[in-house]
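Structure at a glance
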Amino acid sequence: MKSDTFLKLIGGLALAFLLPWVFLILIPFVSASNAEPIPYGEGEEVEGGVTAYPDSVFYRHGSSDYGRQIYAAEGCVYCHTQVIRPTYAGPDMWRPGWGGREADGLARETQPMDYTLEEVAPLGYQRIGQDLSNVGHRITTRELMHQHLSDPKSLDPDSGMPAYLHLYKKSPYGEGLVPTPKAEALVDYLLSLKKDQPVPSGK
Ligand code: HEC
């Protein structure tokens, strides 16, 4: 190998690793480390009409908090993320429904405030399935959510999602499944996933 070819190869390799590192690690790290609290503007309201921060919108109550633990225990994070990436780092905002309620002009990238009061932020690290940041806006009924957990192939024959049958029991009245309390709590949690509250303007 001629030495300039070799140099080009090493240079190309360095670039191929450097660019993703800068955009996916360095820039997000620096911008997140320097994040400052942003106050709500005067008279500015968040959903539910509360302006104090942190407020009830961010609290996860009772069974949906238990559901969060089931989500962690069942390993949903191995296939699902909960972060809508900044547009420079990926096309999430173009994926229908991922960023929230587009029709109401509320779709947005995930902000640090979306993890307020989360004991552990369930970011996930790979996407075999969709990002679930706003799944509570996409799947809106308990029935559909249970169907998705107990029999994903009934909704999409090619679904790569495992059926979480151990969270369900056979119905004593013949056909059908009965959700265990764990499945009910997990559904409460999933229906609560809505990371598209308006961001404070700070003015
Ligand atoms: C082995 C990977 C894998 C695991 C583990 C997994 N899923 Fe999925 N999931 C998928 C795939 C692939 C899809 C997309 C296909 C489909 O809709 O079934 C999906 C879709 C979904 C959807 C529908 C999302 C939408 O926007 O329509 C929900 C809700 C969901 N998963 C919840 C869960 C929950 C809760 C868990 C943990 C109990 C879990 N998943 C575990 C792979 C996985």
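Residues numbered from 1 in each chain as written. Predicted model: local features only at pLDDT ≥ 70, side-chain atom pairs only at ≥ 80, totals over all residues. Heavy atoms only, no water.

**Concerning the packing of helix α2 (residues 62-73) against helix α5 (residues 181-191)**
In a packed pair of helices, the relevant descriptors are the angle between the two axes and the axis-to-axis distance. Quick reminder of the rule: Axes here refer to lines fitted to C-alpha atoms; in helices the fit is confined to the stretch in contact. Angles between the N-to-C directions go from 0 to 180 degrees. Helix numbering and strand numbering both begin at the N terminus, where a helix is a DSSP run of H or I of at least 4 residues and a strand a DSSP run of E of at least 2. Angle categories are assigned with fixed cut-offs, so that under 35 degrees is roughly parallel, over 145 is roughly antiparallel, 65 to 115 is roughly perpendicular, and the rest are oblique. Two residues qualify as a contact provided that any one of their heavy atoms is within 4.5 Å of a heavy atom in the partner residue. Any residue outside Ala, Val, Leu, Ile, Met, Phe, Trp, Tyr, Cys, Pro, Asp, Glu, Lys and Arg is labelled polar, Gly included; the first ten of those are nonpolar and the last four are charged.
The geometry of α2 relative to α5 is characterised by a closest axis approach of 7 Å and an angle of 100° between their N-to-C directions. Taken together, α2 and α5 sit at an angle that is classed as roughly perpendicular. Mapping the contact onto sequence places Ser63, Ser64, Tyr66, Gly67, Arg68, Ile70 and Tyr71 in α2 and Pro181, Lys182, Ala185, Leu186, Asp188, Tyr189 and Leu190 in α5. Looking at the contact of α2 with α5, its residues break down into eight nonpolar, three polar and three charged.

**Focus: the packing of aromatic side chains**
Just so we agree on the cut-off: Only Phe, Tyr and Trp rings take part, Trp by its six-membered ring, and two of them pair if their centres are within 6.5 Å. Stacked means planes under 30 degrees apart, edge-to-face means over 60, and tilted covers everything else. Each residue gets one of three labels from its accessible area relative to the maximum for its type: buried under 20%, exposed over 50%, partly exposed in between, using a 1.4 Å probe on protein chains only. Charge over a ring is defined by NZ of Lys or CZ of Arg lying within 6 Å of the ring centre and within 35 degrees of the ring normal.
Counted by the stated rule, this structure contains three aromatic pairs. Ring geometry for Phe23 against Tyr88: centres 6.5 Å apart, planes inclined by 50°, an arrangement best described as tilted. In this pair, Phe23 sits in helix α1 (residues 3-33) while Tyr88 sits in the loop between α2 and α3 (135-138), placing the two residues 65 residues apart along the sequence. The partly exposed category is assigned to Tyr88, whose relative accessible area is 40%. Summarising the aromatic geometry, the rings of Tyr71 and Tyr189 are spaced 5.2 Å apart at their centres and angled 55° between planes, so their arrangement reads as tilted. Here Tyr71, found in helix α2, pairs with Tyr189, found in helix α5; they are 118 residues apart in sequence, far enough to count as distant. Judged by its relative accessible area of 0%, Tyr189 is buried. It is Arg95 that lies over the ring of Trp98; its NZ or CZ is 4.9 Å from the centre.

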